[in-house]
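Listed here are the chains, written in short residue letters.
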Amino acid sequence: MHLFSTLFTAQSVDRDLRTEEGLQRCIAWCKESKLQKVYIESFRNGLFIEQELLEKARDRFQAEGFLVHGCVTPTGLPKVSNNWKDGGCYSYPPTQELMAAIFRRTAAVFDTVMIDDFLFTDCTCEECDKARGERSFADFHADLMHEMSVRCILRPAHEVNPKCKVIIKYPLWYENFHKNGYETVRQTRDFDLIWAGTETREPDAERWGRYPQTQGFYMMAWDVKLGKGKCMGGWFDPYTTTPPTYLEQARQTILGHAKETMLFCFRSLEEEQPGMDDTAALRKERPGLDELAYLTENKAIVGVSVPKQPDVDAAEERYLSSFYGMLGIPVCPETELDEGAKSVLLGAQALGYPGVRDYVLAMREKGAALAYSKAFLRVTGLDAQEGVPVVDPGEDNWSLMDMPEATLNALRDHLTLPLGLKLRAPSRVALNLYDNDMEVLQNFNDFDVDIELDLFGRDPKARALALVLSKDKQVSLRREGRRYFVKLPARTLAVLF
Ligand SMILES: [Zn+2]
């Protein structure tokens, strides 16, 4: 069963969970939101909650029937990064000592502790510069954060509570992991569990990176692959969203196979806008989201293999791999090169794999369908196959949404015909595939669209509308043989099964 949870930041614990009145209000809100779990944070922005209050809050929520975990946000540390005030300098011994103290206290209270995605550093101060030797700052940050994680987080936590599981949450901004010290291979190996950031927020909001909605799915499913059983859930927030984009974050998180959705955070959702409007929308959508999880959770994500190598940041075409979904390409995120794939889309995110040229040549010999980005071909010196469009996002990935219809169709057909299907739809319509017999369509446009989906090579059983989100939307489905004609309203999801 898919779980929903929220987080009380350390500031919120301090303000809301000290008094009986505050506790009652928080418990009531969590019950109204039908949450099964809460995270009680012990540290954020330099505020370190005393152990007695953490225990009191834990016991009270447990008595009300909630699962209760801890959380830590490493901000407001004794020495901040010289490049960003919310980041820490981890070369500074008092920072390391405080980290160990935070995890000793938090693990003493909770059997599971999540770390918000501030566990990185971009510090290039004199002390860091001296400590790095002749390593690049990127390699230094990666080594430093990994060694610090083992010594100041995992060891103290496990010493004080051998049962404690520490969760590292990887951010949504996957092109800066290595540079800033998120070492996803070594850290995934050493941490007990991992988590995915799926907070794409409003795609038009310049400030937050203009991420496409489908990046939430891409990162969620990629982290599940990375974790090999260790990835538990996804985490998103309401900042800059409208209710439709907020609900789309929830849908992508579930489609990407999260076992749990963490709604950050109580305070932003309960007393601020747009969180309050988003919460109202989510409560209404909740039975549908539960159903979406029920339908998809035990089915394999299949489709066009789109690999992104862990711990290698693409220097150009950044974040391109999460845009393919917006073009209706049914993406299957991968951490490795899949030698069994029927079709593969290779961009800058795949350039770092050793022997990637050998992979391409071997896959061509096998007769797999391959497509490439412009940078991939330029760097590897490979040629595209005759008649296959090359993905060229230029300076702005969003420009791909204006690809001429004929080009878009040629690209999609090349990649999906080997999978036994053909899609006709405008851009900003996504298609996700589960096993051989379930298709999920999503319209991210603010207008209704007509979709034609030919499932000539997939499971022949007749599809019906298994679920529509939101449930008050009217979707029409017509079938001719194995071709389906779908009229999908704006900002709507439909499951064919
Ligand atoms: Zn430093």
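Just so it is clear, the structure is predicted and the values come from calculations on it, not from any experiment.

Draft legend 1. Region of interest: the overall build of the protein. Along its length, the protein carries 14 helices and 22 strands. Taken against the 2.2 N^0.38 rule, which gives 23 Å for 497 residues, the C-alpha radius of gyration of the protein at 23 Å falls within 12% of a compact globule. Viewed in the frame of its principal axes, the protein has a C-alpha envelope of about 65 × 55 × 35 Å. Counting the 497 residues in the protein, one finds 49% classified as buried. If you take every contact in the protein between residues at least 6 apart in sequence, the share linking residues at least 24 apart comes to 78%.

Draft legend 2. Up close: the sheet that holds strand E21 (residues 483-488). The sheet built from four strands is open, its strands ordered E15-E18-E21-E20 with antiparallel pairing. The open sheet has two edge strands with one neighbour each: strand E15 (422-424) and strand E20 (476-480). The sheet shows a mean angle of 15° between the axes of neighbouring strands, taken without regard to direction. Sheet topology places E20 next to E21; five bridges connect them, and they run antiparallel. The partner of serine 476 across the bridge, within E21, is lysine 487.

Draft legend 3. Here's a closer look at the domain arrangement of the protein. Taken domain by domain, the protein consists of domain 1 (3-296), domain 2 (299-419) and domain 3 (421-497). One C-alpha centre belongs to domain 1, the other to domain 2, and the line joining them spans 31 Å. Each side of the interface is counted separately: domain 1 has 22 residues, and domain 2 has 20 residues. Going through the elements one at a time, helix H7 (184-190) and helix H8 (214-227) are the ones with two or more residues in the side of domain 1 that touches domain 2. Of all the elements, H8 adds the most residues to the side of domain 1 that touches domain 2, at eight residues. Residue composition of the side of domain 1 that touches domain 2, grouped by class: ten nonpolar, seven polar and five charged.

Draft legend 4. Broad picture of the environment of arginine 483. Tracing the sequence through the fold places arginine 483 in strand E21. The spatial distance from the C-alpha of arginine 483 to the C-alpha of leucine 337 is 32 Å, given a sequence separation of 146 residues. Contact partners of arginine 483, with chain neighbours within four places excluded, come to Glu452 and Asp454.

Draft legend 5. The packing of helix H9 (residues 243-255) against helix H11 (residues 275-296), seen in detail. With their axes 10 Å apart at the nearest point, H9 and H11 run at an angle of 25° to one another. Classified by the interaxial angle, the pair formed by H9 and H11 is roughly parallel. As H9 packs across H11, the resulting crossing turns out to be right-handed. From H9, Pro243, Tyr246, Leu247, Ala250, Arg251, Ile254 and Leu255 reach across to H11, where they touch Asp277, Asp278, Ala281, Leu282, Glu285, Leu289, Leu292, Ala293 and Thr296. In terms of residue class, the contact of H9 with H11 is built from eleven nonpolar, one polar and four charged.

Criteria and cut-off values
Residues numbered from 1 in each chain as written. Predicted model: local features only at pLDDT ≥ 70, side-chain atom pairs only at ≥ 80, totals over all residues. Helix = DSSP H or I, 4+ residues; strand = E, 2+ residues; numbered from the N terminus. Rg over C-alpha atoms; globule rule 2.2 N^0.38 Å. Buried ≥ 20, exposed ≤ 12 C-beta atoms within 10 Å, placed from the backbone. Contact = placed C-beta atoms within 7 Å. Pairing = 2+ DSSP bridges. Axes fitted to C-alpha atoms, helices over the stretch in contact; angles between N-to-C directions. Domains from an automatic or database assignment. Nonpolar A, V, L, I, M, F, W, Y, C, P; charged D, E, K, R; others polar. Parallel < 35°, antiparallel > 145°, perpendicular 65-115°, else oblique. Left-handed = near helix turned anticlockwise from the far one by under 90°.

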